[in-house]
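Structure at a glance
If you want the building blocks of each chain, they are given just below.
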Amino acid sequence: MQHVVVVGGGLAGLVSARAISKTGRRVTLLEKSARIGGKAGADLHGERLVEHGYHVFPTWYPNVRRILREIDVTLVDFDRYHYLLPGAFPEKVTVRGPSSLGAVAHNLMHGLLPWYQTVLFYNFTLDLVSQGLSNKRLLDRVSEIGLMRQAWYVTEAVAEMNQENLLKASAIPAYEMSAMTAKRIGSYWMKQASPFLSVLPGDLQSTFIEPLGKTVKDAGVDVRLGTTVSGLDVVDGRVAAVKTAGERIVADAFVLAVPFEVARTWIDDSLFALDPSLGNMNLLEAQPMCSLHVRTNKRVAGIPREHVFFHGGAFGLSFIDVAPLWSGWEGSELSFIASNFAPLRGLSEEGATRALLGEIFDYLPIKDQDIRDVVLNTNVKTPLFINTIGAWPNRPTARTRAKNLYVAGDFARNRIDLACMEGAVQSSLLAARALLEDAGVKDGLPEPLQPPVPSRALLLALRAGLAPAVLAAYATARVAEAISPKVSPRSASHRRQRGKAGAR
Ligand SMILES: Cc1cc2nc3c(=O)[nH]c(=O)nc-3n(C[C@H](O)[C@H](O)[C@H](O)COP(=O)(O)OP(=O)(O)OC[C@H]3O[C@@H](n4cnc5c(N)ncnc54)[C@H](O)[C@@H]3O)c2cc1C
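Here is what the cut-offs are and how they apply
Residues numbered from 1 in each chain as written. Predicted model: local features only at pLDDT ≥ 70, side-chain atom pairs only at ≥ 80, totals over all residues. Helix = DSSP H or I, 4+ residues; strand = E, 2+ residues; numbered from the N terminus. Rg over C-alpha atoms; globule rule 2.2 N^0.38 Å. Buried ≥ 20, exposed ≤ 12 C-beta atoms within 10 Å, placed from the backbone. Pairing = 2+ DSSP bridges. Axes fitted to C-alpha atoms, helices over the stretch in contact; angles between N-to-C directions. Near = placed C-beta within 6 Å. Nonpolar A, V, L, I, M, F, W, Y, C, P; charged D, E, K, R; others polar. Domains from an automatic or database assignment. Core = buried A, V, L, I, M, F, W, Y, C linked by C-beta atoms within 7 Å. Contact = placed C-beta atoms within 7 Å. Expected span 1.5 Å × (residues − 1). Parallel < 35°, antiparallel > 145°, perpendicular 65-115°, else oblique. Left-handed = near helix turned anticlockwise from the far one by under 90°. Right-handed = clockwise from strand over helix to strand, strands pointing away. pLDDT = per-residue confidence, 0-100.

So, on to the overall build of the chain. A count of helical and extended segments in the chain gives 16 helices and 21 strands. Relative to the 2.2 N^0.38 estimate, which gives 23 Å for 504 residues, the radius of gyration of the chain is 24 Å and therefore close to what a compact globule would have. Counting only C-alpha atoms, the chain reaches 75 × 55 × 40 Å along its principal axes. Burial statistics for the chain: of 504 residues in total, 46% are counted as buried.

This brings us to the sheet that holds strand S11 (residues 238-244). Strand order in the open sheet formed by 3 strands is S10-S11-S12, and the pairing between neighbours is antiparallel. Only two strands of the sheet have a single neighbouring strand rather than two, namely strand S10 (229-235) and strand S12 (248-250). Taken over all neighbouring pairs, the strand axes of this sheet differ in orientation by 30° on average, direction set aside.

Bringing the site of the ligand into the picture now. Contacts to the ligand come from 36 residues, most closely from Gly8, Gly10, Gly38, Gly53 and Cys420. In terms of residue class, the shell around the ligand is built from 18 nonpolar, 13 polar and 5 charged.

What follows concerns the domain arrangement of the chain. For the chain, the domain assignment lists domain 1 (3-40 + 203-283 + 391-438), domain 2 (112-192 + 459-502) and domain 3 (289-377). If you average the C-alpha positions of domain 1 and of domain 3, the two centres end up 34 Å apart.

It is worth spelling out the nonpolar core at this point. Among the nonpolar cores identified, the biggest contains 142 residues, and Val7, Leu120, Phe254, Val255, Ala431 and Leu435 are the most heavily contacted of them. Element by element, the count of residues in this core is highest for helix H14 (residues 421-438), at 10 residues. In this structure, Phe254 is in contact with Val5, Val7, Val239, Val242, Asn404 and Leu405, ignoring residues within four places of it in sequence.

Quick look at helix H8 (residues 179-191) now. When the terminal C-alpha atoms of H8 are compared, their 18 Å separation across 13 residues agrees well with the 18 Å that a helix rising 1.5 Å per residue should span. Most of H8 sits out of view: 11 of its 13 residues are buried. Within H8, burial applies to Ala179, Met180, Thr181, Ala182, Lys183, Arg184, Ile185, Gly186, Ser187, Tyr188 and Trp189.

It is worth spelling out the packing of helix H4 (residues 115-129) against helix H7 (residues 156-170) at this point. Two numbers describe how H4 lies on H7: the axes approach to 9 Å, and their chain directions differ by 60°. Considering the angle they form, H4 stands oblique to H7. For the pair H4 and H7, the sense of crossing is right-handed. Each of Gln117, Leu120, Phe121 and Phe124 in H4 lies in contact with H7, whose residues at this interface are Ala157, Val158, Met161 and Asn162. Across the contact of H4 with H7, the residue classes break down as 6 nonpolar, 2 polar and no charged.

So, about the environment of Gly409. Inspection of the secondary structure assignment puts Gly409 in the loop between strand S21 (405-407) and H14. The buried category is assigned to Gly409, around which 31 C-beta atoms lie within 10 Å. Other than its neighbours up to four places away in sequence, Gly409 contacts Ala12, Ala257, Pro259, Ala424 and Ser427.

Attention now goes to the pairing of strand S1 (residues 3-7). For S1, the buried fraction is high: 4 of the 5 residues fall into the buried class. Of the pairings in the sheet, the one linking S1 to strand S2 (residues 26-30) comprises 5 bridges and is parallel in character. Bridging across to S2, Val4 finds its partner in Val27. The parallel pair S1 and S2 is bridged by helix H1 (residues 11-21), and the resulting crossover is right-handed. Where S1 and strand S13 (residues 253-256) come together, 4 bridges link them in parallel fashion.

With that settled, the discussion passes to the confidence of the model for the chain. Taken as a whole, the chain shows an average pLDDT of 92; of its residues, 96% reach a score of 70 or greater. Scored below 50 in pLDDT, residues 487-504 makes 23 contacts in the model with residues more than four places away or belonging to other chains.

Another aspect to go through is the pairing of strand S15 (residues 290-296). When you tally the buried positions in S15, you get 7 out of 7 residues, the bulk of the element. Burial of the side chains of S15 extends over both faces: Cys290, Leu292, Val294 and Thr296 are buried on one face and Ser291, His293 and Arg295 on the other. Pairing geometry for S15 and strand S19 (residues 371-377), over 6 bridges, is antiparallel. Looking across to S19, one finds that Val294 is bridged to Val374.

Attention shifts here to the sheet that holds S13. Read across the sheet, 5 strands follow the order S9-S2-S1-S13-S21 without closing on themselves; strand pairing throughout is parallel. Looking at which strands have only one partner, the edges of the open sheet turn out to be strand S9 (222-224) and S21. Strand-to-strand twist of the sheet, defined as the mean angle between neighbouring strand axes without regard to direction, takes the value 20°. Sheet strands in contact with H1 are S1, S2 and S13, and its direction is about 170° off that of S2. Along the sheet, H14 makes contact with S1, S13 and S21, crossing S21 at roughly 160°.

In structure tokens, the structure reads:
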């Protein structure tokens, strides 16, 4: 019987191991840590599980959602998110997912930007999403913000807003994110805007990863936790084994489902000779996306159910109060992500926590004495792949040129493009499929689902129809700038909010 070793027990490793094992092969999964799930998991702190970072599940995650249906998880759906401004709480600016004309009208009337800037913002989204895929060479070589800034109608306020949104949503500065990645994500979201996004009804580990892990074990996979792989052994032009501290594990085929920062340290002369393109992983980049979990003694009244973004701020903070959704904890359990952790990198954990709390106190009515406990995950040792300009050709494909070596993981090439759970799952199905095809399997191959995209003809027609509104919005923006050149729309809305806060 063919023996397959899968290295890495994150989502990609779990899903590929399961798909391969279902075809009757012997599969061994090696995971370095004491739990499965990788970045999409949670660790015990005292008696409670604290997530690596909060995770959202948009509607355009067909492969992840298929797994959730299988393990009988019903997601909690949201159609909006909110911005907070410093000192303005409980006033907030609510943005609705653009799933209907009513939602778009709401955003035009009540958004963070005045209506005319919002029209220009939406027009750029349409412009980006309606770019042809034949333009891929250009789109993968310019940043999203680069493409935006060369559009004649884009104002400073629109560019700033876009930069902030992108950083908070993906931890990728907009000047680094490839326009191609942004186009793909924009297309998926535009086609399936409702529900805008969803969350699990419990923590990632107990609600998602452990039930998935059970199906992996039920499929016959031998899961070995606490097993760190240190390299690959190449013999006679094939990968023959993986090396661990205690043993050399021999197999017929191998799936690497570890982060690229780990996999690239295993490229020695013999592996490079099998597939020189694997060396391009040295050109990929990753950044830590930090999380902070703050439990308060009492429920903080006025916090919405959905995600909240701090507008402005130094660390790209956003959060969701998970207490009402999960635990019934009598206080609030605020799960924060800091998308911009770079300024805090050299600090001690205590120093970084104090800096993040300092910003949180500026936006929320919380003080030190209200806090029950705080857990910081800097995630510096487990950074997230970032889709920089030009990264695509350097990302490995599921099937490598080494005959029996396959790669899975959020950084491996797949149609989702972004480093996220759906990308990890899609890439793992591609790796399992390639391995099984090479083993001569014809029936029952894994079929990764693709999220649908809007019709390009429809998008172009919409853009043409919107042209008069764009001209009117652009003219209004220019007049507004001429009247008060030093006040950007953002600082104007900022002041508006501060005024409301002052009335409290
Ligand atoms: C803070 C944060 C928030 C996020 N939010 C979202 C979100 O909202 N929505 C979303 O879709 N995605 C989100 N993501 C991204 C998502 O979590 C990842 O893209 C996905 O989980 C990656 O899965 P993976 O299997 O490719 O990699 P990983 O999860 O990194 O798994 C790799 C596994 O390999 C193991 N390993 C490493 N080295 C070795 C070794 N030498 N030997 C054996 N095993 C090894 C690791 O322990 C790990 O279990 C977020 C990520 C972070 C960090």
